[in-house]
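Examining the three-dimensional arrangement
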Amino acid sequence: MIIDIHGHYTTAPDQLAAYRGAQLARLADPGSPAPSFAEPTDDALRESVADHQLAVLRARGGDMMLFSPKASGMEHHVADQPTANAWARVSNDLVHRVTTLFPAHFAPVCQLPQTPGGPLAPVVAELRRCVGERGFVGANLNPDPSGGHWDGPPLGDPYWYPLYEALCELDVPAMVHVSTSLNPHFHTLGAHYLNADTAVFTQLLTSDLFSRFPRLRLVLPHGGGAVPYHWGRYRGLAARLGRPGPETLLDNVFFDTCVYHQPGIDLLTRVLPARNVLFASEMLGAVRGEDPATGVAWDDTGHYVARAGLAPDDLALVQEHNARRVYPRLDALLRAQGR
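The paragraphs below set out a description of the structure included in this document.

**As for the packing of helix H2 (residues 42-50) against helix H4 (residues 81-101)**
Two elements in contact, H2 and H4, have axes whose closest approach is 10 Å; the angle formed by their N-to-C orientations is 85°. Relative to H4, H2 is oriented roughly perpendicular. Facing Asp42, Leu45, Arg46 and Val49 of H2, the residues of H4 in contact are Leu94, Arg97, Val98 and Leu101. Here the contact of H2 with H4 is built from residues that sort into five nonpolar, no polar and three charged.

Here it is as structure tokens:
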């Protein structure tokens, strides 16, 4: 089985964007009508993925995709908490509906109603609703709700502890995934995403987070940003700072394969143990189309993983078994399906 742990609902029906536009209009003009969400039909939801994520997943030999709301559309920089709560709920319920229509191919991962410096009680409440009532198997955690200004507490700060406690209690991992960037210095897809992955790893390296939360599991997307490329720097910094080495994080921190060329995948799988690498493509997401030099789609990461020279047992870890271990609720779902 091939499990893709990183997929987004980037092809949602127009009703979702219309609802978001109405939300933002209400914030700009409180006198405007209260927004309501016009639920798409089941047929509209089927059409929204059948010729897109589902078709591509099947064409590339994939079996299951973890499916979450569009990352750049989470827009946690919008500071109004009731708006964030409603937006997360509508987005998550739409993802849930897709997964119930295609249960053999999609499993849900939730957006959290984060706001810059906002309370975590509604964030934890939505996590509990999604996992407990809707069968979600994971969550996306934004380490920078400000949208590229990084003016909030780092992930080792006690501010985050209530969320970590809930993640551990529910036994679900969090993918550490930022949303859109408002900072003109940091392009959302080309800089902000990769900067965040790199920055978060350094935050974890310089904190004692996992001593307090030994069961917490965090997934760094996009191959961990610069982390594998600069593994020696992290080892040296840890020694200089009198900290445990980066390898001590690997019981709790995992990396996906959203790296869009062969040398990058080769580096990722040589630097990191196979048990810490989870197959993912992020399709349909940041980079679309084909590499003109190879004719291979940029986000066809399965092509690169298959050619990375992994031993058969290690390849099976990356493609399937790591996902089942890191996402135990996914494993339970698959077992209930006889897989």
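Next comes the rest of the account.
**Some points on the nonpolar core**
Judged by nonpolar contacts, the single largest core of 73 residues is most densely connected at Leu127, Leu163, Tyr164, Phe201, Leu216 and Phe255. Ranked by the residues each element gives to this core, the list is headed by helix H6 (residues 161-170), at seven residues. In contact with Leu216, other than residues within four places in its own chain, are Tyr164, Leu167, Cys168, Leu209, Phe210 and Asn252. Counting residues in each nonpolar core, the second largest holds 19 residues, with Ile3, Val137, Phe254 and Leu330 among its members.

**Some remarks on empty space enclosed by the protein**
For the structure on display, the rule yields three cavities of 30 Å³ or more. If you add up the space inside the largest cavity, you get close to 50 Å³. What lines the largest cavity is simply Ile5, His6, Gly7, His8, Leu66, Phe67, Ser68, Val109, Asn140, Met175 and Tyr327. Among the elements that make up the lining of the largest cavity, the one with the highest residue count is strand S1 (residues 3-9) (four residues).

**Concerning the sheet that holds strand S4 (residues 138-141)**
The eight strands are arranged S1-S2-S3-S4-S5-S6-S7-S8 in an open sheet whose pairing can be described as parallel. This sheet does not close on itself; its edge strands, each paired only once, are S1 and strand S8 (277-278). Inspection of the sheet shows S4 paired to strand S5 (residues 174-176) by three bridges, in the parallel sense. Paired with Asn140 across the strands is Met175, a residue of S5.

**Section: the pattern of salt bridges**
Counted under the stated rule, the structure contains 18 salt bridges. Between Arg20 and Glu75 there is a salt bridge, and its shortest N-O distance comes to 2.9 Å. Placement of the pair is Arg20 in helix H1 (residues 14-28) and Glu75 in the loop between strand S2 (64-69) and H4, with a sequence separation of 55 residues. Take Glu75: its relative accessible area is 22%, and that puts it in the partly exposed class.

**Overview of the layout of surface pockets**
There is about 340 Å³ of room inside the largest pocket. If you trace the largest pocket, you find 18 residues lining it, with Leu194, His222, Cys258, Val259 and Tyr260 closest to the centre. Breaking the lining of the largest pocket down by element, the ones donating at least two residues are helix H7 (188-205) and helix H10 (262-271). Taken together, the residues that form the lining of the largest pocket break down as 13 nonpolar, four polar and one charged. For the second largest pocket, the lining is made up of 17 residues, of which Ala12, Leu16, Ala17, Lys70 and Trp87 are closest to its centre. Contributing elements (two or more residues each) for the lining of the second largest pocket: H1 and H4. The dominant element in the lining of the second largest pocket, judged by the number of residues it contributes, is H1, at four residues. Here the residues of the lining of the second largest pocket are counted per class, giving nine nonpolar, five polar and three charged.

The rules we used
Residues numbered from 1 in each chain as written. Predicted model: local features only at pLDDT ≥ 70, side-chain atom pairs only at ≥ 80, totals over all residues. Heavy atoms only, no water. Axes fitted to C-alpha atoms, helices over the stretch in contact; angles between N-to-C directions. Helix = DSSP H or I, 4+ residues; strand = E, 2+ residues; numbered from the N terminus. Parallel < 35°, antiparallel > 145°, perpendicular 65-115°, else oblique. Contact = heavy atoms within 4.5 Å. Nonpolar A, V, L, I, M, F, W, Y, C, P; charged D, E, K, R; others polar. Core = buried A, V, L, I, M, F, W, Y, C linked by side-chain atoms within 4.5 Å. Buried < 20%, exposed > 50% of the residue type's maximum accessible area, 1.4 Å probe, protein only. 1 Å grid on protein atoms, 1.4 Å probe; cavity = no way out; pocket = protein on both sides within 12 Å on 5 of 7 lines; lining within 4 Å. Points joined across faces, edges and corners; volume = space filled by probe spheres on them. Pairing = 2+ DSSP bridges. Salt bridge = Lys/Arg side-chain N within 4 Å of Asp/Glu carboxyl O.

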